[in-house]
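Chain by chain, the residues run as shown.
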Amino acid sequence: IDDLAEVDYSLNSLPAVFQQFIDLDLKGIVYPAGNYTGSPYVAAPFTIPDQSDSMLYLAFSEYFFQTSSFAYYTAGAFNITIAEETCSYFNISTEIFGSIIPEVAKYSVTPYPVMLKLMATETPLISLEQDSFTVEIQGSMEVFAVLPDSTTQSLFTMNIVTNTSLALNIFDQKLVGSLCLNRLQFSLAHSNVGFFEISLLENILSYVLQTEVIPSANAKLSKGFPLP
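Presented here is a report on the structure given in the accompanying data block. (Residues numbered from 1 in each chain as written. Predicted model: local features only at pLDDT ≥ 70, side-chain atom pairs only at ≥ 80, totals over all residues. Heavy atoms only, no water.)

1. Considering helix H1 (residues 62-74)
Part 1: Helix length check: H1, at 13 residues, gives a terminal C-alpha distance of 18 Å against a target of 18 Å (1.5 Å per residue), a fit within 8%.
Part 2: Listed as buried for H1 are Tyr 63, Phe 64, Phe 65, Gln 66, Thr 67, Ser 68, Ser 69, Ala 71 and Tyr 72.
Part 3: Gly 76 sits one or two residues past H1 and shows a positive phi near 85°. (Helix = DSSP H or I, 4+ residues; strand = E, 2+ residues; numbered from the N terminus. Expected span 1.5 Å × (residues − 1). Buried < 20%, exposed > 50% of the residue type's maximum accessible area, 1.4 Å probe, protein only.)

Below is the structure:
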C-alpha cells in the first residue's frame, strides 16, 4: 500500500464457480510493513446481497478496516507533530494561549512559538453499519513552548476523543476515503502551568483538528488502497 502497510489479497479457498457467477473469497488483511504477525481481530463470515445488475461486486468486511487501523496504528501513522515552521496555516503562540488561559500567561511571560504533538493512545475503533462508517480515535495532545535555543518546554497534555465519519469511493482502481469530524471530547491529563478549565481551548482545538489533522489524514487516505 505504502511504506507503512501491506495488504494480503490471497485466496482463502478455491474459487466457487456457478452458472451465472464466480465467488472469490479473499483474505483482505492489512499488516504493518514487513510484520506479518497475527491480527488481534477475528474475521466474521458475511455474504453479498443477491444482485445481478453489475458485472463485478466488491465487498469489504469490518475486519479489513480493523486490520488497516491496527496496522497504521502500529506503524505510528496516527502520531503527528505540528509546528510553525512545518505548516503555513499554523501560527499559534504562547501569547495566544495566554490570552485564553491566565495560567499560561503567568507561566510564559515572553511569547514563544507553540508545538503540538498528537498521538493515538489506542487502536482507532472502526464501526461499520448500514449507511454509517465511523472512526473513533482516542489520543493525547501535548503542547510545548519552543524556546529560542530550539529546546521545548512542556506546558500541558490533554486527552482527546474524536469521532469522525468516513466516506469511501473507488477511483483509479483504488479504495479512497475522506474523514469528516463529528464530535470532539477532551480533558486535562497533566499541566505544568497549573489547573485550568480545558473547555476554554475548545475553539483552538477545533481549529487545529479542522485545519491540520483532518486534512493531513485525508491527504493520506486520498492515495487509496489498491484493489485486488
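2. Section: the nonpolar core
Part 1: Ranked by size, the top nonpolar core spans 28 residues in total, and within it Phe 97, Leu 116, Met 141, Val 143, Phe 156, Met 158 and Leu 201 carry the most contacts.
Part 2: Contributions of two or more residues to this core are made by strand S6 (114-120), strand S8 (132-146), strand S9 (152-171), strand S10 (174-191) and helix H4 (202-221).
Part 3: The greatest single-element share of this core, amounting to six residues, is contributed by H4.
Part 4: Setting aside residues up to four positions removed in sequence, Val 143 forms contacts with Phe 97, Val 114, Met 115, Leu 116, Gln 153, Ser 154, Leu 155, Phe 156 and Met 158.
Part 5: Ranked by size, the runner-up nonpolar core spans 18 residues in total, among them Val 30, Phe 65, Ala 71 and Ile 126. (Core = buried A, V, L, I, M, F, W, Y, C linked by side-chain atoms within 4.5 Å. Contact = heavy atoms within 4.5 Å.)

3. So, the packing of aromatic side chains
Part 1: Enumeration over the complete set of coordinates arrives at 10 aromatic pairs.
Part 2: Each ring, one from Phe 60 and one from Phe 64, has its centre 5.0 Å from the other, and the planes form 50°; the classification is tilted.
Part 3: On the basis of relative accessibility, which here comes to 3%, the residue Phe 64 falls in the buried class.
Part 4: Residues Phe 97 and Phe 156 carry aromatic rings whose centres are separated by 5.8 Å and whose planes lie at 80° to one another, so their mutual orientation is edge-to-face. Of this pair, Phe 97 sits in helix H2 (residues 94-100) while Phe 156 sits in strand S9, and the two are 59 residues apart along the sequence.
Part 5: Since its relative accessible area comes to 0%, Phe 156 is described here as buried.
Part 6: Counting every residue linked through ring pairs, the aromatic cluster contains Phe 60, Phe 64, Phe 65, Tyr 72, Phe 133 and Phe 225. (Phe/Tyr/Trp six-rings, centres within 6.5 Å; stacked < 30°, edge-to-face > 60°.)

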